[in-house]
Structures are given as structure tokens and as C-alpha cells.
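Here's the letter readout for the chains.
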Amino acid sequence: MSVKKLIIKNIIKRPVKTTLLSSMALLMAFAILAGANLSKSLIRGLNSMEARLGADIIVIPEGAQSEEELKNIYFKGTPENFYMDKSIVSDLASIEGVEDYSIQYFLASSVSDCCSAPVQIVGFDPENDFVVAPWIKDNFKGQPGKDEIIAGSSLSVQTGESLKIYGIDCLVVGKLGSTGTGLDTAVYANEETIKHLIEASKEVGLSMVGEKSPDETVSAVYIKVKKGYDISVVSSTININFKDRVEAVRTKSMISDTVKRLDDVSKIIYALVTGIWVFSIIIMGLVFSVSIGERKSEFALLRAMGFSKIKIVSLIFTESMIICLIGSVLGIVLSLVIIISFGNMIEGYLGLPFLLPNFLNTVLYSFFALFITVLTGPITASISTMGVCREDIGNALRR
Amino acid sequence: MNYFKKNAAGIAELLISIILVVGVFTLFKACGLHEGKAMACHWAENTVKALGIVFIFLSAIRLILKEDGVKKGIALAFVPLSVLTFLIPGKIISLCMMDTMRCQTSFKPFVIVLSVILALISLADVVILSLGKKDKN
Amino acid sequence: MIKVNNVSKKYTLKNREIFALKETSFSIEDNKLTVIYGKSGSGKTTLLNIMAGLLPPSNGSVSLDGVDPYLLGDKELSLFRNKNIGYIPQGTSSVSSLTVLENVMLPAIIYEPNDIKEKAVSLLKDLGLENLMDSYPAELSGGELRRVSIARAIINSPKMIFADEPTNDLDKENTEFVLKLLKEKSREGMSVVIVSHDEAAMKYADDVIRMGSIQ
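All of these numbers come straight from a predicted model, not from anything done at the bench.

**Student:** A description of the overall build of chain C should follow, citing residues and the corresponding values.
**Tutor:** From N to C terminus, chain C includes seven helices and eight strands. Taken over C-alpha atoms, the radius of gyration comes to 17 Å for chain C, in line with the 17 Å a tight globule of 215 residues would show. C-alpha extents for chain C along the principal axes are approximately 50 × 40 × 40 Å. Out of the 215 residues in chain C, the part that is buried amounts to 56%. When contacts within chain C are restricted to residue pairs at least 6 apart in sequence, long-range pairs at least 24 apart make up 70% of them. For chain C, the computed accessible surface area is about 9600 Å², with 46% contributed by carbon and sulfur atoms. Where the 26 positive side-chain charges of chain C centre and where its 29 negative ones centre are 6 Å apart.

What follows is the structure, encoded as C-alpha cells:
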């Protein structure tokens with residue numbers, strides 16, 4: 001027999017109260033960690049999106065549809081293809097304020113091909129590109145050759161496997177890390193490969209490129225603006241000079257909607273987490289208050305035996321800390337399992353870039369959630385206990 | 001041991017099994033038919049549905065029958081069955097290629113989370129039933 | 001030696017003063033069984049609790065073997081109570097989450113680990129409770145719980161035992177058993193003070209303090 005045993009038995013022999021209190025702790029820890037993970041994932045997703053856009057201005061074929069389709073590629077991962085005449089590239093290069101440019105080709109694979117859904121294929125020039133290439137270098141050494149592709153993180157295909165695109169077997173030579181954007185479902189190829197694929201798509205009559213040859217077309221031109229030049233001025237210049245041919249989109253404006261939506265979603269998350277917390281603290285406080293009130297004569301008996309006030313408060317503190325610890329750990333595990341497993345679903349539902357925090361940050365947030373929850377319960381319980389212990393032992397025993 | 005203590009875990013097993021089956025039939029389906037054809041994930045969904053129905057049947061039997069040995073046997077059986085269910089989406093039966101498809105975003109995580117919960121509850125059930133036996137002796 | 005000097009206790013309720021105990025003085029010698037006898041409401045329990053260090057008096061002082069418990073801080077008083085006082089409360093209080101055996105051992109392990117199991121088992125045997133050692137308080141009768149309280153009060157071999165109506169709600173057989181046991185303890189060197197309105201207690205008393213006569 002020991003004081004430790006008394007604590008453990010007090011917990012085990014009151015299963016209903018223990019379960020209720022543990023459940024509140026579970027809820028609190030779950031809410032804090034889920035809230036932290038969700039908000040951080042949204043912020044990371046947004047930063048990732050900004051980094052992946054990589055340029056100040058994106059020039060696309062003229063027409064309201066093109067901007068919509070471009071956003072779909074980045075935000076929804078919906079494969080698109082659109083093309084404009086390649087001659088625009090040299091015209092753009094001569095615009096004042098343009099420091100550098102990168103061209104890209106977009107092609108959507110057909111459904112009956114490799115995969116259960118169309119896949120976005122992005123063609124780029126590994127030597128001169130500054131948008132995609134640096135990011136690919138981060139994750140893949142070397143360059144993709146003819147009919148070789150690099151797969152985004154959300155494709156369930158491994159290095160060494162092949163994907164058939166428009167009848168052509170493309171070897172997967174590398175995989176990329178997660179970006180939390182629609183680009184995770186794309187594959188990347190060099191110019192030679194993408195032109196080969198566009199030709200193949202023409203042969204099955206599924207090409208958007210029309211009668212032109214792939215050598216004469218591009219999908220988008222990414223522009224870096226020189227320091228000291230106003231990006232909006234450069235973009236307006238392009239729009240005015242080449243009004244009927246192309247449209248220049250400022251990348252900042254592409255994501256401004258997203259920033260606003262992210263703000264709104266974050267506010268909702270904070271409100272929910274706060275609401276859950278307040279609810280749990282109230283319930284926890286009530287349960288502790290009632291349960292400790294009921295144990296008044298038991299505490300008086302313990303004090304008559306020789307337990308000091310401090311010893312009793314510390315007993316209750318330890319008891320409630322153990323109960324809250326059990327609940328918090330379960331809440332944290334549940335939160336992690338759900339957010340990680342359902343991460344893709346959450347991303348699809350919110351329609352916002354979503355990138356889960358790295359391992360270290362996840363561990364830090366988990367400890368934070370644990371720490372706060374494990375302290376709240378015992379502090380609440382101790383306050384109730386101190387109140388109860390104020391009465392003279394003799395009077396308390398008579399109840 | 002009173003009825004509730006002995007059967008709390010069994011009741012939980014039944015509830016989780018029901019949630020699994022109802023979920024896979026409704027909110028957490030895999031992908032639908034594609035151009036009239038069933039994709040691989042369709043068979044994963046059917047397999048999980050079948051397993052779920054078996055779970056419901058077994059957990060009901062576990063609650064109805066009185067013998068402790070039988071209850072313990074059923075709880076023990078739940079553990080490898082839950083592990084099997086956990087492995088169905090993506091490991092034993094493949095799913096669609098893209099992580100953005102419903103079978104990956106919705107069906108797979110739902111089955112994973114529930115099978116883990118079921119495995120943990122069954123383990124707890126086995127432990128509680130074993131301890132209960134010790135008490136009696 | 002227990003000394004009570006001009007002790008009284010009053011409460012203020014809605015601006016009225018209520019005397020739970022009017023001024024009292026007396027001494028109790030060691031190794032005696034003393035009965036505090038009187039009608040309900042005469043302040044017997046209040047007096048007992050003040051003597052046992054559980055209720056500070058409004059006036060006056062108490063001396064337990066030369067120590068005034070109310071001059072000690074809570075920590076010191078708790079330790080003093082644990083080592084020197086065995087208290088048997090009215091009613092059937094026990095720690096509900098502990099078995100009978102664990103309840104009895106509890107006072108002995110508060111301040112240091114103690115291999116007290118043998119002594120506790122032997123005590124419970126003397127009290128006729130050996131078959132109920134692993135039972136929980138909820139499973140016991142009133143008489144059995146009273147005996148548990150007694151065992152718990154004497155496990156530390158205290159110098160003083162204070163018992164509040166120890167034979168209340170007990171049948172004749174249990175009443176005689178409890179009073180005989182407490183008398184034995186006083187012979188063994190403990191000072192025993194019992195509050196009772198039961199005439200049977202008088203047979204065992206070395207001294208009687210009648211509450212009515214003090215008022």
C-alpha cells in the first residue's frame with residue numbers, strides 16, 4: 001500500500017468520472033493540435049504555391065478561359081492544355097523591364113491511357129527554365145531525357161515504372177516532394193518529350209494544338225521583371241501591346257483570392273478551436289467541482305488521518321494530471337491520424353493549397369497541445385480542492 | 001464483473017463495425033464506375049463492405065453469447081481481421097493512381113482510421129476479459 | 001495528559017451568536033478510558049473534535065501531552081495527528097476506492113513507506129474482519145465498517161484515541177465488543193476518550209464527564 005496506489009485506485013474505481021474527464025481532455029488536445037496543424041498547413045501551402053509560381057508575370061493565350069485554366073492547374077490539379085503561337089516569345093523578350101523568361105508546355109493525357117484520370121504533363125527546358133527546374137533539381141539529380149518523366153508526389157507511381165501517354169511508354173525517372181498544390185498530380189518532361197507527346201496526341205485526334213506543329217507553339221511564358229521596374233506597368237504594357245494575342249497575369253493577383261479565402265478559413269478554425277476549448281473547460285470544471293464536492297467527507301477523513309491540506313491538493317493534482325494525460329495522448333494520436341490520413345480530402349474540400357507541417361513542427365505542436373491540456377485539468381481540480389479543504393475537519397466529518 | 005464492464009468493449013466493437021459499413025456504403029465510398037467499367041478501388045470497396053458485415057455479425061454474437069471463452073475468442077479474432085481490413089485499400093487491393101481521387105482521399109483514410117480503432121478496442125477487450133477471469137479466480 | 005483550558009466554541013449565523021460549546025475546563029490522565037456523556041446538542045462532538053485537533057476553539061486552549069495543536073501549522077499538525085492521535089468518526093466513513101485492508105494500512109504509509117501489512121492483517125483478525133480484507137467498504141455492514149474505522153485509528157499505535165459515538169447504530173453484541181476493545185487499548189497505554197449517549201459505555205469508563213453538569 002502506498003499513496004501512489006491510492007491515486008491509481010481513485011482513478012480506476014471511478015470509471016464514469018474518469019472516462020468523462022479523459023474525454024474532455026481528449027477533445028481539448030485534439031482541437032488544439034488539429035487547429036494548429038490545419039492553420040500551419042494552409043500557410044505552408046500558400047507559401048509553397050507562391051514559391052512554385054516562381055515568376056512575376058505569366059503570359060498565356062488571350063481569352064477569359066485561359067486564366068481560369070491556369071488557376072485550375074495550380075489550385076485544383078485539373079489537367080488543361082492551351083497553346084499560343086511561339087513567335088510571341090521573342091516579342092515578349094524585347095519588352096522593357098523583362099529580365100528573364102521561361103517557356104512551358106501544358107498537355108493533358110487522355111483518360112484511356114495510363115491512369116484512371118487525365119494527368120497534367122508539363123514540358124520545360126531543363127537548361128534555361130527558372131520556374132520548374134530549380135525545384136526539380138531539389139528532388140532529382142540529372143535531367144529527364146527523351147520519353148522520360150518526373151512524377152509529382154500525388155501520383156502512385158514509383159521510379160522505374162512506366163506510364164503510357166498517348167501510346168508512348170514514358171519511363172518515370174524521379175519523383176518530387178509534396179508542394180500542397182495542384183502540381184502534385186503533374187508529370188514533368190523536357191521539350192523533346194513534350195513535343196513528341198503533343199504529336200502523338202495529334203495522331204489520335206485529341207490535340208488542342210490544331211494544325212500547328214509543336215515547334216510553333218507554347219502554352220505559357222513566365223517572366224521575371226527587372227529590379228526597379230513596376231510589375232503592374234510591365235504587365236499592362238504586355239496587355240496593351242499584344243491585346244489580341246495574349247494575356248499577362250500577375251502572379252500576385254492570382255493568389256490574392258486565395259489569401260483572402262485562407263484568412264476566412266483560418267478565422268473559422270480559430271473560432272472552432274476556441275469554442276471547443278471553452279466548452280471542454282466548462283464541462284471539466286463542472287465535473288471536477290461536483291466530484292470533489294462529493295468527496296468532501298473523504299478528504300476530511302484523510303485529513304483526520306494525517307494528510308495535510310497540501311498533501312491532499314497534491315493528491316488531487318496528480319490524480320487529475322494522470323486522467324488528463326491519458327485523454328490528451330489519445331486526443332493527440334487521434335488528431336494526427338485523422339489529419340494525416342484525411343489531408344488530401346481536407347485539401348480538396350477547402351480548395352486551398354495545403355501542405356502538412358514537417359515532422360519536427362508536428363512534434364512541437366503535439367507537445368504544446370499536451371502541455372496545455374495536461375495542466376488545465378489539474379489546475380481546475382486543485383482550485384476546487386483548496387476550496388473544499390478550507391472547512392474545519394471536524395465540521396466536514398459531520399456531513 | 002457486471003454486464004457493462006464485460007461488454008463495454010464489445011458494444012464499442014459493434015458500433016465501430018456499423019459505422020464502417022454504413023460509411024463505406026455512403027459518405028466514404030471509393031470511386032464510382034468509370035465509363036461503365038469498375039476500377040480497382042471498386043473491388044477494394046466491396047471487400048471492405050463484406051468484412052464489415054462479418055464484423056457486425058461477430059460482434060453481435062459476442063454480445064449475445066454468455067461464455068467468456070467465446071467472447072474472448074471473438075475479440076481475439078477481431079485483431080487479425082482488423083489488420084487485414086487496414087491492408088485492403090492500397091496494399092492488398094490497389095486503388096486509383098492519383099491521390100486526389102475519392103478512393104484515396106476519402107475511402108482509404110476512413111478504412112484505415114476505423115480499422116486501427118477496431119484493432120485497439122479488440123485488444124483492450126481481450127485484456128479486460130482476461131483480467132476479469134483473474135478476478136473471479 | 002490531556003488538558004482543556006477555558007475552551008468554548010461559537011458560530012455567528014445571520015448576526016446571531018450560537019454557542020456550540022460553552023466554556024469548559026478539565027484534565028484527562030493517561031491510560032484511562034474517559035466517557036463524555038450528555039444529550040444531543042450538548043456540545044459533546046464539538047468538544048471531542050476540539051480535543052482531537054480537528055476544530056480550533058473560539059476561546060481557550062488545549063494541551064495534548066504538552067503540545068497545543070492549534071499553535072502548529074497545518075503540516076506540523078497533520079504529522080502530529082498522524083503519529084499521536086487515532087480518530088474514530090461518527091458514521092461509517094471509509095475511503096471507498098480502497099479495500100478494507102488498504103483502508104487500515106493508509107494512516108501508516110502517509111509519511112513514509114511502511115511494511116505494515118502483517119500488523120494490519122493481525123488487527124483485522126482481532127476485530128473479526130479477516131474474511132473481509134479484500135472487500136470494498138460498499139460491501140460491508142454498519143458494524144463492520146465501524147470496526148474498520150477502529151482498526152484504522154489504532155494501526156499507528158497512537159497515544160490518544162478519540163471516538164465519536166463509536167457504538168451508535170450497533171447491536172448489543174457489537175457494542176460490547178467495541179467498548180471492550182477500547183478499554184483494552186486504554187490498559188495498553190493509550191488514552192481513550194469516547195463521546196457517547198449510550199448508558200452501556202458507562203460500565204467501561206474510568207472517568208465520566210457529563211456535559212450537562214459543566215454547562
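**Student:** Describe in detail the interface of chain C and chain A, supporting the description with residues and values.
**Tutor:** Contacts between the two partners involve 32 residues from chain C, matched on the other side by 26 residues from chain A. Contact between chain C and chain A buries roughly 2500 Å² in total, counting both sides, with carbon and sulfur atoms accounting for 61%. On inspection of chain C and its partner chain A, the count reaches three salt bridges. Here D74 of chain C makes a salt bridge to R303 of chain A, at a shortest N to O gap of 3.6 Å. At the junction of chain C with chain A, the criterion picks out 11 residue pairs in polar contact (both at pLDDT 80 or more). The element that contributes the greatest number of residues to the side of chain C that touches chain A is helix α2 (residues 74–84) of chain C, accounting for six residues. Of the residues contributing to the side of chain C that touches chain A, the split by class is 16 nonpolar, 10 polar and six charged.

**Student:** How would you sum up the sheet that holds strand β4 (residues 59–64) of chain C? Please name residues and give values.
**Tutor:** Residues and elements named next belong to chain C. Strand order in the open sheet formed by three strands is β2-β1-β4, and the pairing between neighbours is antiparallel. Unpaired on one side and paired on the other, β2 (16–28) and β4 mark the two borders of the sheet. The mean inter-strand angle of the sheet, taken between neighbouring strand axes irrespective of direction, is 25°. Bridge count for strand β1 (residues 2–13) against β2 is nine bridges, and the pairing is antiparallel. Of the residues in β2, the one forming a bridge with K10 is F19. Where helix α1 (residues 44–51) meets the sheet, its contacts fall on β1, β2 and β4, and the angle it forms with β2 comes to roughly 60°.

**Student:** Summarise the sheet that holds strand β3 (residues 33–37) of chain C; cite the residues concerned and give the values.
**Tutor:** Residue and element names in this part refer to chain C. Here five strands make up an open sheet; going across it, the order is β5-β6-β7-β3-β8 and the pairing parallel. Pairing within the sheet leaves two strands with one partner each, and these edge strands are β5 (85–88) and β8 (207–210). The average undirected angle you get between the axes of adjacent strands in this sheet is 15°. Of the strands in this sheet, β5 and β6 (160–164) are in contact with α2, which crosses β5 at around 80°.

Calculation rules
Residues numbered from 1 in each chain as written. Chains lettered and ligands numbered in written order. Predicted model: local features only at pLDDT ≥ 70, side-chain atom pairs only at ≥ 80, totals over all residues. Heavy atoms only, no water. Helix = DSSP H or I, 4+ residues; strand = E, 2+ residues; numbered from the N terminus. Rg over C-alpha atoms; globule rule 2.2 N^0.38 Å. Buried < 20%, exposed > 50% of the residue type's maximum accessible area, 1.4 Å probe, protein only. Contact = heavy atoms within 4.5 Å. Areas by Shrake-Rupley, 256 points an atom, 1.4 Å probe, with all protein chains shown as cover. Lys, Arg positive; Asp, Glu negative; His and termini not counted. Charge placed at Lys NZ, Arg CZ, Asp CG, Glu CD. Buried area = accessible area lost by both parts, 1.4 Å probe. Salt bridge = Lys/Arg side-chain N within 4 Å of Asp/Glu carboxyl O. Polar contact = N/O pair within 3.5 Å; in protein donor to acceptor, adjacent residues only side chain to side chain. Nonpolar A, V, L, I, M, F, W, Y, C, P; charged D, E, K, R; others polar. Pairing = 2+ DSSP bridges. Axes fitted to C-alpha atoms, helices over the stretch in contact; angles between N-to-C directions.

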